[in-house]
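In case you want the letters, here they are:
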Amino acid sequence: MKALDSADLQRLQIVLDVICREAGKAVRSPEMQEVAALLIRLYRHGLTDEVKLLSVGRLASVKKGLSRTAAITGGGDRNGRSVISI
């Protein structure tokens, strides 16, 4: 996993700020803290493209009730439960 420096964190903060504005949520809200943690995990694993991070973050922010993986993949069973876990 990649260690993050201040430039990396600044890039992630910009992405998160856009998502928060669009969702009408504060950065410190539980939902946005989950999105922030997801963005950091993805970035550390090599997903550094800001457009892709923004897309995944937007999707995760609107998929309440599903696991983070289901929010990314759209996976779930007939009852809306995630069939994939991380």
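Residues numbered from 1 in each chain as written. Predicted model: local features only at pLDDT ≥ 70, side-chain atom pairs only at ≥ 80, totals over all residues. Heavy atoms only, no water.

Draft legend 1. Up close: the overall build of the protein chain. Counting its secondary structure elements, the protein chain contains four helices and zero strands. Along the chain direction, N to C, the helices and strands of the protein chain fall in the order α-α-α-α. Taking all 86 residues of the protein chain together, the buried fraction comes to 29%. The long-range share in the protein chain, meaning contacts at least 24 apart out of those at least 6 apart in sequence, stands at 44%. Working note: accessible area of the protein chain is about 5600 Å², and carbon and sulfur atoms make up 54% of it. (Helix = DSSP H or I, 4+ residues; strand = E, 2+ residues; numbered from the N terminus. Buried < 20%, exposed > 50% of the residue type's maximum accessible area, 1.4 Å probe, protein only. Contact = heavy atoms within 4.5 Å. Areas by Shrake-Rupley, 256 points an atom, 1.4 Å probe, with all protein chains shown as cover.)

Draft legend 2. Geometry of helix α1 (residues 6–23). A rise of 1.5 Å per residue sets the reference length of α1, with its 18 residues, at 26 Å; its end C-alpha atoms lie 25 Å apart and thus fit the reference within 8%. Restricting attention to buried positions, one finds in α1 the residues Asp8, Leu12, Val15, Leu16, Val18, Ile19 and Cys20. Buried residues in α1 make contact with α2 (30–44) and α3 (50–62). Among the residues of α1, the N-terminal cap falls to Asp5, whose side-chain oxygen and the backbone nitrogen of Ala7 are separated by 3.1 Å. At the exit of α1 stands Gly24, carrying a positive phi of roughly 70°. (Expected span 1.5 Å × (residues − 1). Polar contact = N/O pair within 3.5 Å; in protein donor to acceptor, adjacent residues only side chain to side chain.)

Nothing here speaks to function; it is all geometry.
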